[in-house]
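Here are the chains, one letter per residue:
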Amino acid sequence: MSELATPTRAQRPEFRNINALKDLPTYRLPAAGWVSILHRVSGALMFLLLPFVIWLFDTATTSELSYERFAAAFSAGIGFVPGWFVKLATLGLIWAYLHHIIAGLRHLWMDATHAVTKEFGRKSAVVTLVLSIGLTVVLGAKLFGLY
């Protein structure tokens, strides 16, 4: 058989394992990837802070005296935990809730309308990040008494 009769194959790409220390710091994750990862992080954060949320709700609604204790937790703290840390944990919870709900609505919109294009994914991811961070900054400013 001559060389002309043998079919030529296209060169297959070579895949290799990544080096976490060398390759990961240089990898640029797209906005949709960040939203996806942060959606999982915010869900886990809300789950882990659920006892804190239940305590906040119970303390705020039981009686006038317990509401005063609830309000004092943000200035004086709770036991050995300072008040600024309670505010910081609450701010983390605010961000987690806002990001999770906005990213969830984004996913529901994509599922309902089948709008799964690269451009829509990028734009909606940026909107999700801007809205969740912007609303968190506004509510955080209120929480820390800036207005």
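For the structure itself, look to the data block above.
The rules we used
Residues numbered from 1 in each chain as written. Predicted model: local features only at pLDDT ≥ 70, side-chain atom pairs only at ≥ 80, totals over all residues. Heavy atoms only, no water. Axes fitted to C-alpha atoms, helices over the stretch in contact; angles between N-to-C directions. Helix = DSSP H or I, 4+ residues; strand = E, 2+ residues; numbered from the N terminus. Parallel < 35°, antiparallel > 145°, perpendicular 65-115°, else oblique. Left-handed = near helix turned anticlockwise from the far one by under 90°. Contact = heavy atoms within 4.5 Å. Nonpolar A, V, L, I, M, F, W, Y, C, P; charged D, E, K, R; others polar. Phe/Tyr/Trp six-rings, centres within 6.5 Å; stacked < 30°, edge-to-face > 60°. Buried < 20%, exposed > 50% of the residue type's maximum accessible area, 1.4 Å probe, protein only. Core = buried A, V, L, I, M, F, W, Y, C linked by side-chain atoms within 4.5 Å. Salt bridge = Lys/Arg side-chain N within 4 Å of Asp/Glu carboxyl O.

Draft legend 1. Region of interest: the packing of helix α2 (residues 31–48) against helix α5 (residues 83–113). One can describe the packing of α2 onto α5 by two numbers: an axis separation of 8 Å at closest approach and a directional angle of 130°. When the interaxial angle is binned, α2 and α5 end up oblique. The two elements α2 and α5 meet at a crossing, and its hand is left-handed. Contact residues: α2 offers A32, V35, L38, H39, S42, G43, L45 and M46, while α5 offers G92, L93, W95, A96, Y97, H99, H100, A103, G104 and R106. The class makeup of the residues in the contact of α2 with α5 is 10 nonpolar, 7 polar and 1 charged.

Draft legend 2. Geometry of the packing of aromatic side chains. Throughout the structure, instances matching the rule amount to 4 aromatic pairs. Each ring, one from F70 and one from F74, has its centre 5.4 Å from the other, and the planes form 85°; the classification is edge-to-face. In terms of burial, F70 and F74 fall into one category: buried. Relative to F85, the ring of W84 has its centre 5.8 Å away and its plane inclined at 85°; by these criteria the two rings are edge-to-face. You can call W84 exposed: its relative accessible area is 55%. Each member of the aromatic cluster is reached from another via a ring pair, and the members are Y67, F70 and F74.

Draft legend 3. Structural context of the side chain of S42. With respect to the element layout, S42 can be found in helix α2. Judged by its relative accessible area of 0%, S42 is buried. Other than its neighbours up to four places away in sequence, S42 contacts W95, A96, H99 and H100.

Draft legend 4. Here's a closer look at the nonpolar core. Grouped together as the largest cluster of nonpolar side chains are 7 residues: L49, F52, L56, F70, F74, V86 and L93. The residues touching F70, leaving out its near neighbours within four places in the chain, are L56, T59 and A60. A31, V35, A103 and A125 belong to the second-largest nonpolar core, a separate cluster that totals 5 residues.

Draft legend 5. Seen up close, the pattern of salt bridges. The final tally for this structure, using the stated rule, is 2 salt bridges. R122 is the salt-bridge partner of E119, the closest N and O atoms lying 3.0 Å from each other. Of this pair, E119 and R122 both sit in helix α6 (residues 118–143), separated by 3 residues, roughly a single helical turn. On the basis of relative accessible area, E119 is assigned to the partly exposed category, the value being 39%. Owing to a relative accessible area of 43%, R122 belongs among the partly exposed residues under this scheme. Across the pair K123 and E119 runs a salt bridge whose closest N-O atoms are separated by 3.9 Å. A residue pair is termed a helical-turn pair when its members lie 3 or 4 positions apart in one helix, as K123 and E119 do in helix α6 at 4 residues.

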